[in-house]
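Descriptive analysis of the structure
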Amino acid sequence: MDAQKVDMFIMMHSKELPPSKLPYIRQQLMMVDESKWGLISTIQFKDPTISLILSIFLGSFGIDRFLIGDIGLGIGKLLTAGGCGVWAIVDWFLIMDATREKNFQQLVMWAGGRPY
């Protein structure tokens, strides 16, 4: 893959992916076949900031977890009213990293690489 395309992709999506895994992402994207590049460039990542805002205002209902695809945790938060509020508050600090991790997993799945 062209290094310029890969660097542009990483610059555009760096806030949506885990910073510690950016070198690994770059390495894996450099090995991706050109035919997959069209699919990879159209991946819709979840915005960690939107997840945080939803977590602050609707975290007791599990909406933040439903958004990133953690259906089981979303149902758990919904049924327990966010763990009586405790779980909802803890997620204020964890949801952005969880969103970035889900985005990373989605990218690895589409790129056909091995999980980090």
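Now for a description of the structure that goes with this document. Residue indices begin from 1 for each chain and proceed along its sequence in written order. Under the rules for a predicted model, residues below a pLDDT of 70 receive no local features and side-chain atom pairs below 80 are neither given nor counted, while totals for whole chains, interfaces and linings still include all residues. Each side-chain value is worked out from all heavy atoms of the structure, with water and hydrogens disregarded.

1. Regarding the overall build of the chain
Counting from the N terminus, the helices are the DSSP runs of H or I reaching at least four residues and the strands are the DSSP runs of E reaching at least two. When you go through the chain residue by residue, the secondary structure sums to eight helices and zero strands. Projected onto its principal axes, the C-alpha positions of the chain cover 50 × 20 × 20 Å. Taken across its 116 residues, the chain has 37% of its residues classed as buried. Looking at the chain alone, contacts between residues at least 24 apart form 66% of all its contacts between residues at least 6 apart. For the chain, the accessible surface area stands at approximately 6,700 Å², while carbon and sulfur atoms represent 67% of it. Charge assignment: positive for Lys and Arg, negative for Asp and Glu; neither His nor the chain ends contribute. Throughout, a charge is located at the NZ atom of Lys, the CZ atom of Arg, the CG atom of Asp or the CD atom of Glu. If the 11 positive side-chain charges of the chain are averaged to one point and the 11 negative ones to another, these points end up 3 Å apart. Classification of residues uses two cut-offs on accessible area relative to the type maximum, computed with a 1.4 Å probe and protein chains only: under 20% is buried, over 50% is exposed, and between them is partly exposed. Note on contacts: a residue pair is in contact if any heavy atoms of the two residues lie within 4.5 Å. Using the Shrake-Rupley algorithm and a 1.4 Å probe, accessible areas are obtained, with residue cover drawn only from the displayed protein chains.

2. Some details on the packing of helix α4 (residues 48-58) against helix α8 (residues 86-111)
Contact geometry for α4 and α8: axes closest at 8 Å, N-to-C directions at 160°. With respect to their mutual orientation, α4 and α8 come out roughly antiparallel. As for the relative orientation of α4 and α8, their crossing is right-handed in sense. Residues Pro48, Thr49, Ser51, Leu52, Ser55 and Ile56 of α4 form the contact with α8, whose own contacting residues are Ala88, Asp91, Trp92, Ile95, Met96, Thr99 and Arg100. Residues of the contact of α4 with α8, tallied by class, amount to seven nonpolar, four polar and two charged. Helix axes use the C-alpha atoms of the stretch in contact, all axes being lines fitted to C-alpha atoms, and the angles between their N-to-C directions lie in the range 0 to 180 degrees. Roughly parallel means an angle under 35 degrees; roughly antiparallel means over 145; roughly perpendicular covers 65 to 115; every other angle is labelled oblique. Rotating anticlockwise by less than a right angle from the far helix to the near helix defines a left-handed crossing, while the corresponding clockwise rotation defines a right-handed one. For this scheme, ten residues count as nonpolar: Ala, Val, Leu, Ile, Met, Phe, Trp, Tyr, Cys and Pro. Four count as charged, namely Asp, Glu, Lys and Arg, and the remainder, Gly too, count as polar.

Read these as layout, nothing more, since geometry by itself doesn't imply function.
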